[in-house]
Amino acid sequence: MGLDIKVALVGNPNTGKSTLFNRLTGLNQKIGNFPGITVDKKTGFSKLVGGREAEIIDLPGTYSLYPKSADESIVFQVLADKNNNSHPDVIVLIADASNLKRNMLLYSQVADLGIPMILALNMIDLSAKQGIEIDLDKLAEKLGIQVVSISARNNIGIDKLKQAIANTNKIATQFQDVDVNLLAPEAINAIKSKLNSDNDYYALQVLHQHEYLTFFTEKEQEEIEEIEQSHHFESSKIQAAETIARYKHLSSILSGVVVDKGTEKKFSFSDKLDGILTHKVWGFAIFLLILFVIFNAIFAWSSYPMDLIESGFGYLTSLGHEYLPAGMLTDLVLDGVIAGLGGIFVFIPQIAILFAFISILEDTGYMARVTFMMDKVMSKVGLNGKSVVPMIGGLACAVPSIMAARNIENWKDRMITIMVTPLISCSARLPVYILIISLIIPSKTVLGIFNLQGLALMVMYLVGIVAAVLVAWVMKFIIKTKERSYFIMELPVYRMPRWKNVFYTMYEKSKTFVFEAGKVIIAISIILWVMASFGPGNRFESIDKKYKSALADTTKNTDHIKTLVATEKLENSYVGILGHAIEPAIRPLGYDWKIGIGLITSFAAREAFVGTMATIYSVDGGDEDTSTIRERMSASKNSRDGLPVYTFATGISLMLFYAFAMQCMSTVAIVYRETKGWKWPVIQLAYMTAMAYIAALVAYQLLK
């Protein structure tokens, strides 16, 4: 077979396919995407017996070859198209040994495509505990292929599987299961002669799902459609007949091969636990409690490492300014690149913690129960049961939450979740809300217990959640897709989490964020730095001349003068000019050019608004001295009419703007990474900015 064997891993969801992939490839793997489709493609390399190397491709989990989502259609595309660069030499079909009959439907379909195969019976240790005995030799004899028993979790039988891969024939040896030609002979034969193929099952699948297959030209698609029509091919009827025939055949194959001695014992513990965890009252209560723990952990556990990262980058910047020669290059490296890197690395603790929890919940089998419980509620607004984790995670940070939407198989549900998650108020909006609430809402208590400012903060969070649900409902009608949303889910057995897998997930997700989203963030950071550090003509020289004598006077507070210089330079920089340029557009919202600059710099990170206000209002104490920022901001007068800038109307308008506006380049970068293109991030940026503008405009005009 030469040096490289291409091996595709195929199997139902929850059969341990990804665990086997990690076991075979270790850290020697990479994630790309299948050509022309936004579905993750995981490939890796594995050393086989005799020094040969196999390329392992992890195909998306599917219950059958009939696709119900974009992810599932990938499986047939790769297996059917010999020109696809992921087309395998060998298929390893992973089946759950404790539920063999249901898993074997997919096996019998894949086997009929005529590619050399190995059957790997996973979780063999669990099935033995449940009293299920499988005669491997008899099964291998009946199927005509190698059958290997493994436990990917516990590293049992992996070497035997590698040996089997190395020993596989170039020619498929499996026996044909069902004569599908009997189902629609004329149509199948017409397709076979048209496509010059001798495989009945390939021809049948082409008739069923040619519209999903990207390897046919438009002309070929029309010709296949014509064959379908002229032979009155009824897809759903034939699909049902095929499935019945396959199950009948599988019953005869598995009789005498699988002996189940532990049926009574098998259902007790798991069912009792499910009775509580999926209960319509207690189930939700337990889930909310778990969410509370996760949400608290994301805040509490990440605060120390995040402070450490921030102070580390701050220390690095001050060290650089101290020891590197003063000049433009040093400023670019320290205030542009290093500051941008700090903005990326600071998210890593939150990403790692959220994904550690997701990994634990998935590994234990609890996540499947949450999805099952929430699906009925979420599907009403166009979301999926699995959308609940990203949306709740969005309260901490939209970045890891959008990455978490990957677990949603249905493309439409995944896209809607990604599109609405940034509307949930994240922790970056918190400093902005707190600053503005302290300016416009008095610190009084209502009914002796409720703090008015606390209530205002809670209302802002509720506004985000309600907006996300409403937008999801609207998008349900706008986003069109051929794939239908089915909710089929097998509840896996409860298990202890594999800590190695948890740490690997944390590492993998953090790495993906740093390398993929990081590139975009660095680029935008540099652009913002250039725009804030330079201005047209000799404006900066004039400012330096203006304050030269004052800075030379040692009797004066030079720190305050330096801040005034920085403020004037900011106003005259390209970003300041941009602030003045957008002032006419934002004036109806009650904002001046200074707030305009805050809105622009907030794009680097929403919380940058507070720091920008500190610089603009010439605050000696910088970002930390919030009392001074508040005093300066509340005393600030509008240059045109002399009235206060921060009135109740402006404050509400500004908070609503921040509640709805995208304003976070990290989120834009991660949406670009997850959707593999600029189309969706641009749509998201546009609709959220429009929502923010309209809400702020209506609020200001009504309240002023």
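Preceding block: the structure.
This is a predicted model, so every value here is computed, not measured. (Residues numbered from 1 in each chain as written. Predicted model: local features only at pLDDT ≥ 70, side-chain atom pairs only at ≥ 80, totals over all residues. Heavy atoms only, no water.)

## Details of the nonpolar core
The criterion, for reference: Note on terminology: a nonpolar core comprises buried Ala, Val, Leu, Ile, Met, Phe, Trp, Tyr and Cys residues joined through side-chain atoms within 4.5 Å. For every residue, the accessible area obtained with a 1.4 Å probe (protein chains only) is divided by the maximum for its type, and the residue is called buried under 20%, exposed over 50%, and partly exposed between those limits. Contacts are assigned to residue pairs with any non-hydrogen atoms lying within 4.5 Å of each other.
By size, the foremost hydrophobic cluster in this structure holds 90 residues, and its most contacted members are Tyr591, Phe609 and Leu654. The residues touching Leu654, leaving out its near neighbours within four places in the chain, are Ile436, Tyr591, Ile595, Leu599, Phe609 and Tyr646. Formed by 57 residues, the second largest nonpolar core is a distinct cluster that contains Ala203, Leu213, Ile227 and Leu250.

## Focus on the packing of helix α24 (residues 574–586) against helix α25 (residues 593–601)
What counts is decided by this rule: Interaxial angle, 0 to 180 degrees, is taken between N-to-C directions of lines fitted to C-alpha atoms, where a helix line uses only the stretch in contact. Put simply, DSSP H or I for four residues or longer makes a helix, DSSP E for two residues or longer makes a strand, and each gets a number counted from the N terminus. In what follows, roughly perpendicular refers to angles from 65 to 115 degrees, roughly parallel to angles under 35, roughly antiparallel to angles over 145, and oblique to any angle outside these ranges. Two helices crossing with the near one rotated counterclockwise from the far one by less than a right angle form a left-handed crossing, whereas a clockwise rotation gives a right-handed crossing. Residue polarity follows a fixed list, in which Ala, Val, Leu, Ile, Met, Phe, Trp, Tyr, Cys and Pro are nonpolar, Asp, Glu, Lys and Arg are charged, and the others, Gly among them, are polar.
Across the interface, α24 lies against α25 with an axial gap of 8 Å and an inter-helix angle of 110 degrees. When the interaxial angle is binned, α24 and α25 end up roughly perpendicular. The handedness of the crossing between α24 and α25 is right-handed. Residue-level inspection shows Val575, Gly576, Leu578, Gly579, His580, Ile582, Glu583 and Ile586 of α24 in contact with α25, the latter providing Trp593, Gly596, Ile597, Leu599 and Ile600. When grouped by side-chain class, the residues that make up the contact of α24 with α25 number eight nonpolar, four polar and one charged.

## Focus: the pattern of salt bridges
Note the cut-off: Whenever a carboxyl oxygen of Asp or Glu lies within 4 Å of a side-chain nitrogen of Lys or Arg, that contact is scored as a salt bridge.
All chains considered together, the criterion is met by 12 salt bridges. In this structure, Glu223 and Lys194 form a salt bridge, with 2.8 Å as the shortest nitrogen-oxygen distance. On the criterion of sequence distance, the pair formed by Glu223 in helix α9 (residues 218–230) and Lys194 in helix α7 (residues 185–195) is long-range, its members being 29 residues apart. The shortest N-O distance in the salt bridge between Arg369 and Asp274 comes to 2.7 Å. Linking Arg369 in helix α15 (residues 366–379) with Asp274 in helix α11 (residues 263–277), this pair joins segments that are 95 residues apart in sequence. The class of Asp274 is buried, set by a relative accessible area of 12%. Taken together, the salt bridges that share partners define one network made up of Lys17, Lys42 and Asp58.

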